[in-house]
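One letter stands for each residue in the lines below.
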Amino acid sequence: MSDIRNEQQRVNEIIEEIDRKTANYIGKTKSVGSQVQQIKQEFWDDVTVNLDEPDDVIETFTSIKQQAELLSERERSKGLIDKQLNTLAKLKNSPYFGRIDFHEKGENQSDKIYIGIASLMDSDDENFLIYDWRAPISSLYYDYSPGHAQYETPYGEIKGDITLKRQFIIKNGLINGLFDTGLTIGDQLLQEVLGNQANSQMKSIVATIQKEQNAIIRNTKDKIVVVQGVAGSGKTSAALQRAAFLLYRFRNTLHSDNIILFSPNPLFNSYVATVLPELGEDNMEQTTFQQYLNSRLASIFIIEDPFDQMEYLLTAEDQEKLAIRKKNIQYKSSLAYKKEIDNYLGYLLNDGLVFTDIVFRGETIINKESIKSYFYSLESTIPIPNRMQLLQEWLLIEIRKREKNERRKPWVENAIEFLDKDDYLEAYKDMQKRNNEDSFDDYEIEKKFLSKMIVSKKFKPIKSKIKKMKFIDMKMIFIQLFSHIKNKDYELLADYTVKNIQQNHLSYEDATPYLYLQDQIEGKRSNTSIRHIFVDEAQDYSPFQFAFMQELYPYSKWTLLGDLNQSIYFHSFSKSTLYEVAVGETYRLMRSYRSTKEIVEFTKSLIADGEDIQPFNRKGEKPLLIQCSSNVFYQEMLNKIDECKKAGDETIAVICKNASESEQVYKQLMPDLHNVKLIDKHTLSYEKGVLVIPSYLAKGIEFDAVFIHNAAEYQLEYERKLFYTACTRAMHTLILFSTEDGNPFIKEADEASYRKILR
Ligand SMILES: Nc1ncnc2c1ncn2[C@@H]1O[C@H](COP(=O)(O)OP(=O)(O)OP(=O)(O)O)[C@@H](O)[C@H]1O
């Protein structure tokens, strides 16, 4: 009891210090804020603008630049102070979550180390009142129980003994819970945290990071970190805390805009978007691979996304077509296909590139054959993209020549006659600017000027196309690839792609290879400012996609997080997986934190190597299978939803196999559950309540209660992982509905791991 009193006393003192510091920062932010205001108001007073002579222009430019730099420096300072204020407000609410007493070897006494989301110094700025959880010493808290312990610092290893390890729950400055931990590291606090309700936004886990997660978060030595972690083992959590750790550890060189997170879908983006701000860091850029493909190709093609591809595979009726499509997907996702493209690129060095005619007013002014022959007249040892640039320069020169000739043609004279008033005025102003002439006195000068203007305007789109390399017939070059492929099924592969491309459609499996080929011809579009990439649900990327991403971000380190048991896309069923491609330090997370022990015991028996999965010991009800005929389905479901709500479940997801099933279920539930929400691939965020969601969009997210709409819909072997992924979204309650035909994977599962009701 006296422990709590003493600790609360310390919390109070810390809050007083936080208040002092806050008052100080508020004073500073006001002063810097008014300086910013003043600089903005008086910006032009302190700038001497004189554009008479070249020297004056330079002086004016320098003076504007200095003023702008001063403004941005002040704005930056204001931003930093506001950030400090924000952190202090968070610390005031909950200053820390952990304490360790560490007796360093060779010292007389132990130090009390309090750990929170940020550091706080005492009023003399000499001693740490709170250590940032990312500081080297804080590692002790995550890695050790009381007893011998050590941690790494930039100056070497420090050894000693932990004499006390304490965890706190502090809210609004009051200690609500205090646990001293012995050998069972942090279990009590973890129990508390995991017992809470699911949220529509993920929470940070800094207070209870587990040792195996800490190793991932603090890895700074490997270029590629690969995490294979079972469902709910904290992969996404580890990724986000790792981003915060890296931003702290490399704060002088790494900023949030040097980090990207690739997530499985836009809904997931919003689900994880609050974690970094909660930890006082700016958010990293979050995107999906599809967003990248769209940014590059959506102006040329209608691109299929992975969800449409999945819908097709789940619902296709024509078995022959389905078989062809599956073959396509597997081959086109493989590194063998990339190799074929590389071979093809070898051939293109000397022959085979296809170009388009350059056409002006319906007439070909440079034909594709001459473009091709110019290209191949260039030294063949020069790489294709460099030759393309030389070709581009040549074309622009040629176009300028044609442009000059064109000015004398009769159509130009006609166009001058029909020039409307606005164009004429524009030309007049332009001439004034260029020639310092006041009028079009001389008819010849006027005509020359106007014809130049008219022709130049008409040629502008052609020049712009050349600058964008549109003289390369990429579609044709891609189509032609298939006659070079040695794969025995190449006719099937070619037929499928060619038909699509002719209709300006690009399937998901064709999009990355297309871009890869394009980049190898036009020149790579690498992004060199990105230093670290997180790929969540990494098992969903094909080896080809991953190889392509590595070319896009050549200077980046990688953290790949995935679970082979949640490989739901067809391409990831091919033998070669991302995990074989990515050679790096591999971590395995086997403990599942999301779901109750009972749910984990059931879900682990749905998959082949599930016996290694360890549940965290949190109690709940066994999953319930309700097998009934479809005419009582919805009434049963409504009853159970009602029960869950009464038991306190706040997020309840009815997970359906695909989008059309979700729509149907939504329509059925709507009349009785007015605020039920339907989630589709365009949904950007969601609220607590009852949701109906297709299985593949529930990836990475969790809910208090999960209702599997019709377990009997999952029958084929390749739907096993989809089914497993859907079931593992449940935190506290899992109820499976099934029509009488049943579900083959549940039939294989341990009967003792679930309850069953037949209606
Ligand atoms: N150390 C931890 N302390 C507290 N909660 C944790 C911890 N690790 C994981 N969790 C919780 O477990 C749940 C699952 O975590 P997370 O979503 O990061 O797992 P995942 O491995 O990415 O799951 P999946 O692959 O199934 O999507 C989350 O609610 C997360 O907050």
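Residues numbered from 1 in each chain as written. Predicted model: local features only at pLDDT ≥ 70, side-chain atom pairs only at ≥ 80, totals over all residues.

Undergrad: Summarise the overall build of the protein; cite the residues concerned and give the values.
TA: In terms of helices and strands, the protein carries 27 helices and 26 strands. Of all 759 residues assigned to the protein, the portion counted as buried reaches 37%. Summarising the internal contacts of the protein: among those between residues at least 6 apart in sequence, 73% fall at separations of at least 24. (Helix = DSSP H or I, 4+ residues; strand = E, 2+ residues; numbered from the N terminus. Buried ≥ 20, exposed ≤ 12 C-beta atoms within 10 Å, placed from the backbone. Contact = placed C-beta atoms within 7 Å.)

Undergrad: How would you sum up the sheet that holds strand S9 (residues 259-262)? Please name residues and give values.
TA: Read from one edge of the open sheet, six strands run S10-S9-S15-S16-S8-S17, paired in parallel fashion. Two strands in the sheet have a free side with no partner beyond their single neighbour: strand S10 (285-287) and strand S17 (585-589). Averaged over all adjacent pairs, the angle separating strand axes in this sheet is 15°, with direction ignored. Across five bridges, the pairing between strand S8 (residues 224-229) and strand S16 (residues 557-562) is parallel. (Pairing = 2+ DSSP bridges. Axes fitted to C-alpha atoms, helices over the stretch in contact; angles between N-to-C directions.)

Undergrad: Run through the site of the ligand, naming residues and quoting values.
TA: In the region of the ligand, 24 residues are neighbours, and Ala231, Gly234, Lys235, Thr236 and Ser237 sit closest. Residue assignment for the shell around the ligand shows that the elements contributing at least two residues are helix H4 (187-194) and helix H6 (235-249). Class assignment of the residues belonging to the shell around the ligand gives a composition of seven nonpolar, twelve polar and five charged. (Near = placed C-beta within 6 Å. Nonpolar A, V, L, I, M, F, W, Y, C, P; charged D, E, K, R; others polar.)

Undergrad: Hey, could you go over the confidence of the model for the protein for me, with residue numbers and the actual values?
TA: Across the protein, the average pLDDT comes to 89, with 96% of residues at 70 or higher. On the interface metric, ipTM, the complex scores 0.99, and its pTM is 0.88. (pLDDT = per-residue confidence, 0-100.)

Undergrad: How would you explain the domain arrangement of the protein if you had to name every residue and give the values?
TA: How big an interface is tends to be stated in terms of the accessible area lost upon association of its parts. Along its sequence, the protein is carved into domain 1 (1-200), domain 2 (211-299 + 527-592), domain 3 (358-468) and domain 4 (597-758). The gap between the C-alpha centroids of domain 1 and domain 2 is 26 Å. With ten residues of domain 1 at the contact, the number on the domain 2 side is nine residues. For the side of domain 1 that touches domain 2, the elements supplying multiple residues, two or more each, are helix H2 (54-93) and helix H3 (139-143). (Domains from an automatic or database assignment.)

Undergrad: Requested: an account of the nonpolar core, with residues and values cited.
TA: Residues Ala243, Ile655, Val706 and Phe707 are the most contacted members of the largest nonpolar core, which totals 157 residues. Tallying contributions element by element places H6 first for this core, with eight residues. Ignoring anything within four residues of it in the chain, the contact list for alanine 243 reads Ile259, Leu276, Met284 and Phe534. Counting residues in each nonpolar core, the second largest holds six residues, with Met431, Leu450, Met453 and Val455 among its members. (Core = buried A, V, L, I, M, F, W, Y, C linked by C-beta atoms within 7 Å.)

Undergrad: Account for the UniProt feature "binding site: ATP" (unreviewed entry) in the protein, naming residues and giving values.
TA: Per the UniProt entry, the sites bearing "binding site: ATP" (unreviewed entry) are Gly229, Val230, Ala231, Gly232, Ser233, Gly234, Lys235 and Thr236 in this numbering. Checked against the element boundaries, alanine 231 lands in the loop between S8 and H6. By the C-beta count within 10 Å, which is 23 here, alanine 231 ends up buried. Look past the residues within four positions of alanine 231 in its chain and what remains in contact with it is Asp563, Gln566, Ser592 and Thr728. One can find serine 233 in the loop between S8 and H6. Serine 233 gets classed as buried once you count the C-beta atoms within 10 Å, which come to 26. Contact partners of serine 233, with chain neighbours within four places excluded, come to Leu589, Met590, Arg591, Ser592 and Tyr593. (UniProt positions renumbered as here; feature names shortened; annotations may be inferred.)

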